[in-house]
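# Observations on chain architecture
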Amino acid sequence: MKKTPLFITLLIAQLMLLPLAFAIQVTGVTAEAISVANLRPDPSVNGAPVGEINAGTRYPVVGRSEFFPWVLLGDPATGAPLGWVFQDVVSISGDLNTVPFSAVTLNGDPAPSLSTPTVQVDAPTVSEAPIATPTQFELSGVALSAIATEAPPTATVLTGVLGTVTGEVNVRYGPGVDYPRIGVARQGDIFEVTAYHTQVPWVQIRYEAVSGGFGWLALDLIDVQGDIYSLPSVSRLNFDLPTLTPTPNAVQMASGLPNFTSAPLSPEFAALGDDLWAKLLDQGFEPETSRLGSLFLMDLQTGEAIAFGDDIAYSGMSLSKISILSGMFYSLDRLPDGEEARNLASMMICSENTSSNRILAYIGGDPYSGATTVTNMLRDLGLRETFMVAPFLIDPNITPQPVSAPGSPADQTRTNPDPFNQMTVGEMGWMLYSIYQCAVDGTGPLVAAFGGAFDQRECQQMLYLMRGNKIGALIEVGVPENVAVAHKHGWIDDTHGDAGVITTPGGDYVLVVVLHNPTWLNFEDSFPLIEDISLTVYNYFNPNAPMTATRESNVPETCDMAADEVVTVIDDLMRGRSDF
C-alpha cells in the first residue's frame, strides 16, 4: 500500500479541525466594530458570546447567514472562523453579496437559560396591527412621511422590562438594518422594552423622540433587565416603509466674520453640496453618530459657501498650524530671517511640532504666550470656535504652565476634541478665505481687522509656503498635478483632515474636510473619501477638462528639509518672493 506523505497527513488533520460546513474563502470583505461587539457561536443571541471585537481592527467576513442579518468573521491571519456578529454593530467594507452563505456553528459555552413561552409564529399580536398615524420628522437632512406604529392597548402600563444600551446603536423604524434610522442611542441610555420579535433578534422600545412613540433596537446591543418573553411578540418581517422625501442638504454658511455675508447659493452649487453630503453618508460618516464628518466649501469667485457640521468642534491637529502661520506674519514687521524661514517651512511642509513650538515662541516670547497671542488674533478676526492655549507637545525644553480651556459656541462633546487645540471646518474655511482675499488684492477680513499688520505680499507668502506642502494624498490627488494646492493636512488617531486653497483654470475655491471615528479612524476609510470629494469639487469647477479618477495616493515616509524644493521655499521667504 502506498504511504501518504507526512505533509498531506498534517494538512488533512488541520482541515478536520475546521467546522465541516466551513471552507476558507478570501472575499475581500471586512468588518470592524463600530464600538464594541460580541461574537456569537451561531447567528443568534441564544448562545453565550465566544469573544469580543473592538473598533480599530478589521476582520475578514468569511460567511453570512442566509436568513438573518449576521456575518461570520474570520481570523485576520488564517481566515479560520472566530464567531458570528450582528451586522448593525459593525461597519462592513466591500460587497457583502460576494460572501458565501454559511451554516457554521462554533463550540461555545451555553447561554443562560431563559424561560421561553410557546409562541404561535403566525398568530397576530397586539403590536402587529399598526394604526396608521401620519407623522413627519427630520433624519439626516431627509424628511420622512411615516406611518408610525401606535402603542398596543397595554403599552400605557410600564412593562417592567428595561434595556440598557451597551454601545452606540441606531434606533430603527423596524426590526432590521434595512429600515430607516429614526435616532441614535448611546452607551448607558435606558429604554422600556415593549415587545420582542420571534424571527430576528430585535426588540421594540418606547421611543418618544418620534411621533408614534416606538422604535426598534438590536437585542445584542442592550443589556436586558426583565423577561422579554413576557411581552407581546411580533412575527412579521414586512413593515410598511416610510416615504423618503429628500430635502436640501447643503446649507448656506452664515457669515462668521465681520462685514461679510456669503452669496446666495445657485441651484448648481447647492446640488454640488447635496452630492458631497451624500458621499459622506454613503461612507458611514453620519452626523447623528460618533462616526461623523464635516465639510466647508467656498467658491472664491462668487462668494457662495456651504458647510456640513460646521458647529462641531474637532481637535485642531496640524490644521491649526494655518492659524500659527497667520499669527507669525501678524507679529512680523519685516521679512523672516533664516532661522524663522526654516522653522516656518519645517512647520508647514514637514509638519514638525517642535518647529511649531519655536514659531509660537517667536510670536509671544514663549510657546504658551504665543498660543495666547494666536487665539486673541483669531478672536479679533471674529473666530470664536478656533483656539490653542498650549504648545503642540510635551517638550523638555518648555516649562509647563497651567492653562484652562476656553469656552466655544461649537459642540465640544461630540468628538471629544483636544481641550487645548480646537477648530471647526467653517472657521478654518473663513481663515483661508481671508488669507486668499488679502493675497489677491490686499483687501478682505485680515486687512479690515488688523490694518497694516498684514499686506498683500505677506498673504501671498503664506499661500506660497502652503503650496510647498506636498504629501501625495488627500486634496492634492483629487486635482491634476500641475494645479496649485495651498493646504495643510493633519491627522491624529481618531481624526483626519485637510484644508486648502485650490487654484484651478476653472476657478479658485476653499475646501476643508475633517472626518472622525472614536478611538481610531482607518486611513483607508478617510483618505479615499477626502480624495474623492476633492475630485468631485475640481470637476465641478472644471467641467470642460474633468479628471476621470484621482491620482495615485503615495504619502512619503519622511519629509526632507534638504530637498531642493524646500530650500527654494526657504530662500524665497527670506527674500520676500512668491509665485502666487
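Scroll up for the structure.
Report on the accompanying structure. (Residues numbered from 1 in each chain as written. Predicted model: local features only at pLDDT ≥ 70, side-chain atom pairs only at ≥ 80, totals over all residues. Heavy atoms only, no water.)

## Description of a nonpolar patch on the surface
Heads up, the condition is: A patch is a set of surface residues, each over 30% in relative accessible area and not in a salt bridge, joined within 9 Å for like charges and within 5 Å for the nonpolar side chains Val, Leu, Ile, Met, Phe, Trp and Tyr. Using a 1.4 Å probe, the Shrake-Rupley method yields the accessible areas, and only the shown protein chains count as cover for residues. The term salt bridge refers to a pairing of a side-chain nitrogen on Lys or Arg with a carboxyl oxygen on Asp or Glu at a separation within 4 Å. Helix and strand assignments come from DSSP, with helices taken as H or I runs of at least 4 residues and strands as E runs of at least 2, each series counted from the N terminus. Burial status follows relative accessibility: with a 1.4 Å probe on protein chains alone, a residue under 20% of its type maximum counts as buried, one over 50% as exposed, and anything between as partly exposed.
Nonpolar side chains collect at one region of the surface, where Trp491, Phe523 and Val555 lie side by side and expose about 220 Å² of accessible area between them. Looking at where Trp491 falls in the secondary structure, it is placed in strand S25 (residues 484–491). Looking at Trp491, the relative accessible area reads 32%, which means it is partly exposed.

## Some remarks on the state of the cysteines
For clarity, the threshold we go by: In plain terms, two cysteine sulfur atoms within 2.5 Å form what is called a disulfide here.
Within the structure shown, the criterion is met by two disulfides. At a sulfur-sulfur separation of 1.9 Å, the disulfide partner of Cys350 is Cys559. One quick way to see it: the torsion about the S-S bond of Cys350 and Cys559 is about -65°, and its sign makes the bridge left-handed. One end of the pair, Cys350, is in the loop between helix H4 (338–348) and helix H5 (353–364); the other, Cys559, is in the loop between helix H10 (523–541) and helix H11 (564–575), with 209 residues separating them in the sequence. Shown here for the chain is a disulfide pattern of 1-4, 2-3, where each number marks a bonded cysteine counted in sequence order.

## A few points about the layout of surface pockets
The test is simple: Site definitions follow a grid-based scheme: protein atoms alone, a 1 Å grid, a 1.4 Å probe that fits but cannot get out for cavities, and for pockets an open set with protein on both sides within 12 Å along at least five of seven lines, plus lining residues having an atom within 4 Å of a point. Grid points are joined across faces, edges and corners, and a volume is the space filled by probe spheres set on the points. Classification used: nonpolar for Ala, Val, Leu, Ile, Met, Phe, Trp, Tyr, Cys and Pro, charged for Asp, Glu, Lys and Arg, polar for all others including Gly.
For the second largest pocket, the calculated volume is near 1000 Å³. What lines the second largest pocket is a set of 42 residues, and nearest its centre among them are Gly468, Asn469, Lys470, Ile471 and Glu476. Looking at the lining of the second largest pocket, the elements with two or more residues in it are helix H9 (456–467), S25 and H11. Class assignment of the residues belonging to the lining of the second largest pocket gives a composition of 20 nonpolar, 12 polar and 10 charged.

## Notes on the sheet that holds strand S24 (residues 421–423)
To keep it simple, the criterion reads: Two strands pair under a simple rule: DSSP has to find at least two bridges between them.
With antiparallel pairing, the three strands of this open sheet are ordered in space as S22-S24-S23. Unpaired on one side and paired on the other, strand S22 (314–315) and strand S23 (387–388) mark the two borders of the sheet. In this structure, S23 lies alongside S24, joined through two bridges in antiparallel fashion. Along S24, the bridge assignment pairs Met388 with Asn421.

## Some details on the packing of aromatic side chains
For clarity, the threshold we go by: By convention, a stacked pair of Phe, Tyr or Trp rings (six-membered ring in the case of Trp) has centres within 6.5 Å and planes under 30 degrees apart, an edge-to-face pair has planes over 60 apart, and any other such pair is tilted. Our definition puts a charge over a ring when NZ of Lys or CZ of Arg is within 6 Å of the ring centre and also within 35 degrees of the ring normal.
Enumeration according to the criterion identifies 17 aromatic pairs in this entry. Feature note: the residues Phe269, Tyr509, Tyr540 and Phe541 constitute an aromatic cluster, connected by ring pairs. Against the face of Phe285 rests Arg291, its NZ or CZ located 4.1 Å from the ring centre. Across from the ring centre of Phe392, 4.9 Å away, lies the NZ or CZ of Lys321, which sits over that ring.

## Observations regarding unusual backbone geometry
Backbone geometry places Ser351, a non-glycine residue, at a positive phi of 55°. Along the chain, Ser351 falls in the loop between H4 and H5. Phi is positive for Thr519, close to 70°, though the residue is something other than glycine. The exposure class of Thr519 is exposed, given its relative accessible area of 59%.

## Considerations on empty space enclosed by the protein
Counting across every chain of the model gives four cavities of 30 Å³ or more. Around the second largest cavity, the lining residues are Glu32, Ala33, Ile34, Ser91, Arg291 and Asn517. For the lining of the second largest cavity, the class distribution of residues is two nonpolar, two polar and two charged.

## As for the sheet that holds strand S4 (residues 58–64)
So the rule is basically this: The axes used here are C-alpha line fits, helices contributing only the stretch in contact, and every angle between their N-to-C directions lies in the interval 0 to 180 degrees.
With antiparallel pairing, five strands are arranged side by side in an open sheet as S6-S5-S4-S1-S7. Both outer strands of the open sheet, strand S6 (81–86) and strand S7 (90–93), are each paired with one neighbouring strand and no more. Strand-to-strand, the axes of this sheet are offset by a mean angle of 40°, without reference to chain direction. Bridge analysis of strand S1 (residues 30–33) against S7 gives four bridges, and the strand direction is antiparallel. Looking across to S7, one finds that Glu32 is bridged to Ser91.

## Let's talk about the pattern of salt bridges
This model, assessed by the stated rule, comprises 12 salt bridges. Measuring nitrogen to oxygen at the nearest pair gives 2.9 Å for the salt bridge that ties Asp532 to Lys279. Here the residue Asp532 occupies a position in helix H10, and Lys279 occupies one in helix H2 (residues 267–282), the gap between them amounting to 253 residues. The exposure class assigned to Lys279 is buried, which follows from its relative accessible area of 17%. Two residues, Arg334 and Glu340, come together in a salt bridge whose shortest N-O distance is 2.8 Å. Exposure remark for Arg334: the relative accessible area of 41% places this residue in the partly exposed category. By relative accessible area, Glu340 is classed as buried at 7%. Among the charged side chains, a salt-bridge network with shared partners connects Glu32, Arg58, Arg291 and Asp525.

## What about the packing of helix H7 (residues 425–441) against H9?
Stated formally: Put simply, angles under 35 degrees are roughly parallel, angles over 145 are roughly antiparallel, angles from 65 to 115 are roughly perpendicular, and the rest are oblique. For any helix crossing, the convention is left-handed if the near helix is rotated counterclockwise from the far helix by under a right angle, and right-handed if that rotation is clockwise. By the convention used here, residues are in contact when the closest approach between their heavy atoms is within 4.5 Å.
At a closest axis distance of 7 Å, the pairing of H7 and H9 adopts a crossing angle of 125°. One way to sum up the angle between H7 and H9 is to call them oblique. Seen along the crossing, H7 lies across H9 with a hand that is left-handed. Where H7 abuts H9, its residues Leu432, Ile435, Tyr436, Cys438, Ala439, Val440 and Asp441 lie against Gln456, Cys459, Gln460, Met462, Leu463 and Met466.

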